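# Structural characterization, general
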Amino acid sequence: MIKLPAIVTFANQKGGVGKTTLCVLFAHYLVSKGLRVHVVDCDPQRSILRRRSADVERYGDGNIPFDVSRGKTSTKGELAELLKAIFSDSTHDVTLLDTPGNVITGLSQYLISNAHMLVVPFHYDKTTLSSTSTFIICLDHLKRSMGARMKSRLYLVPNLHDSRVGTRKELQLWDEARETYSRYGTVTPKVPRVADMERFSTVMNFDQQAKYVTPAFDKLYLDIFDTLDPYRKTESQEAEQKTPDTPTLVEVAHELAKMAPMNDAVSIDTETEKETTEKTTTDENNE
Ligand SMILES: Nc1ncnc2c1ncn2[C@@H]1O[C@H](COP(=O)(O)OP(=O)(O)O)[C@@H](O)[C@H]1O
Ligand SMILES: [Mg+2]
């Protein structure tokens, strides 16, 4: 169990592996578990912020699931301010950081060392495996040099998986990579390459995307909360639960019938009714 507020950083020096996509989808996943989520876009390309503006124009701002803000990290001062703001933020339970590729070098490494969880999406192909491996080695160096100050746990997410491609030799290489990576961190279940994933939204959580990422995200969530139960019920889950709790008239009648024979029930009702009538009459007479 990780103490809240938690910081989860999405990083990999390789671009195009799904950092931004998985960051947004994980935000939706956490919201569906009742968490208050803040996404900080630290990539100078501002893909999430731009997507949020487009989404608000399209869907309106009436039902925003999580906050998105800009994370400035180009100077020491900016970085310190950002981290201070995140650590002292009591209005969110989890902060997700989406980072650019060069995160391991320069100041941005603090976005990694200060995170509780480091999520590294990768892809089973030669170039991605090669740069992801270099990235993992750099992380390992960072961890050794920082010692206990670096608390982040490493999670590797095989993304863009297509079970139809790959020669026998490649498949073997991928299995080996999975095994090697497991020595450095937790390798989650795979996220398949599906066209539906390309049109993610920062406002709408589409089922056709959510179902593909759930196995991988369940693994991350379990490690934060030790359970898959929602952290707190969302408004719609609460509303759903209330409905079956309120018995229908037919259910009440059935329950009453089970409790006492019909005649008794009638006589009780009659007595009560008689009493009420008598009382009303007496009250009227007294007036
Ligand atoms: N599982 C997936 N299936 C299909 N397309 C994906 C998947 N994950 C990411 N993509 C696409 O791959 C491209 C790169 O993803 P992105 O999240 O921008 O990567 P990064 O942030 O690492 O550069 C985007 O066009 C995105 O829509
Ligand atoms: Mg990105």
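Anything mentioned here points back to the structure above.
This section reports on the structure supplied with the text. (Residues numbered from 1 in each chain as written. Chains lettered and ligands numbered in written order. Predicted model: local features only at pLDDT ≥ 70, side-chain atom pairs only at ≥ 80, totals over all residues.)

Okay, the overall build of the chain next. Along the chain, the regular secondary structure elements total 10 helices and seven strands. A total of 287 residues make up the chain; the buried ones form 30% of that total. (Helix = DSSP H or I, 4+ residues; strand = E, 2+ residues; numbered from the N terminus. Buried ≥ 20, exposed ≤ 12 C-beta atoms within 10 Å, placed from the backbone.)

The environment of ligand 1 is formed by 14 residues, the closest being Gly18, Lys19, Thr20, Thr21 and Met197. Across the shell around ligand 1, the residue classes tally to five nonpolar, six polar and three charged. (Near = placed C-beta within 6 Å. Nonpolar A, V, L, I, M, F, W, Y, C, P; charged D, E, K, R; others polar.)

Tracing the chain through its elements places Val24 in helix α1 (residues 19–32). Separated by 24 residues in sequence, Val24 and Ile48 have C-alpha atoms that sit 7.7 Å apart. Setting aside anything within four residues of it in sequence, one finds Val24 in contact with Ile48, Phe200 and Thr202. (Contact = placed C-beta atoms within 7 Å.)

The next subject is the sheet that holds strand β7 (residues 186–187). An order of β3-β2-β4-β1-β5-β6-β7 is seen for the seven strands of this open sheet, with the pairing classed as parallel. This sheet does not close on itself; its edge strands, each paired only once, are β3 (67–70) and β7. Pairing between strand β6 (residues 153–158) and β7: two bridges, direction parallel. Note on β7: the bridge partner recorded for Tyr155 is Thr186. In the packing of helix α5 (residues 126–146) onto the sheet, contacts are made with β5 (117–122) and β6, and the angle to β5 comes to roughly 160 degrees. (Pairing = 2+ DSSP bridges. Axes fitted to C-alpha atoms, helices over the stretch in contact; angles between N-to-C directions.)

Our focus in this paragraph is the nonpolar core. One finds Phe26, Ala27, Val39, Leu96 and Val119 to be the most contacted residues of the largest nonpolar core, which totals 52 residues. Counting residues per element, this core draws most heavily on α1, which supplies eight residues. (Core = buried A, V, L, I, M, F, W, Y, C linked by C-beta atoms within 7 Å.)

It is the contact of α1 with helix α7 (residues 207–225), at a shortest axis distance of 10 Å, that shows an interaxial angle of 85 degrees. As the angle between them shows, α1 and α7 are arranged roughly perpendicular. Touching Leu22, Leu25, Phe26, His28 and Tyr29 of α1 are Gln209, Ala210, Val213 and Phe217, all from α7. For the contact of α1 with α7, the per-class residue count stands at seven nonpolar, two polar and no charged. (Parallel < 35°, antiparallel > 145°, perpendicular 65-115°, else oblique.)

Attention now goes to α1. Since the α-helix turns once every 3.6 residues, residues separated by three or four places project in the same direction. Its 14 residues give α1 an end-to-end C-alpha distance of 20 Å, which sits within 8% of 20 Å, the value for a rise of 1.5 Å per residue. The element α1 is extensively covered by neighbouring structure, given that 12 of its 14 residues are classed as buried. Looking only at α1, the buried set comprises Lys19, Thr20, Thr21, Leu22, Cys23, Val24, Leu25, Phe26, Ala27, His28, Tyr29 and Leu30. Backbone geometry just downstream of α1 places Gly34 in the positive-phi region, at approximately 85 degrees. (Expected span 1.5 Å × (residues − 1).)

As a further point, take the environment of Ala80. In this fold, Ala80 is placed in helix α3 (residues 76–87). The class for Ala80 is exposed, based on 12 C-beta atoms found within 10 Å. In this structure the C-alpha to C-alpha distance between Ala80 and Tyr110, which are 30 residues apart in sequence, comes to 9.2 Å.

A word on the pairing of strand β2 (residues 37–41). Of all five residues making up β2, five are buried, and the element is well covered by its neighbours. Residues of β2 alternate between two faces, with Val37, Val39 and Asp41 on one and His38 and Val40 on the opposite face, all of them buried. As judged from the five bridges shared by β2 and strand β4 (residues 94–98), these two strands associate in the parallel manner. In the sheet register, Asp41 faces β4, and the bridge partner there is Asp98. Where β2 lies against β3, four bridges are found, and the strand directions are parallel. Note that in β3 the partner of Asp41 across the bridge is Arg70. Handedness of the crossover joining β2 and β3 through helix α2 (residues 47–59) is recorded here as right-handed. (Right-handed = clockwise from strand over helix to strand, strands pointing away.)

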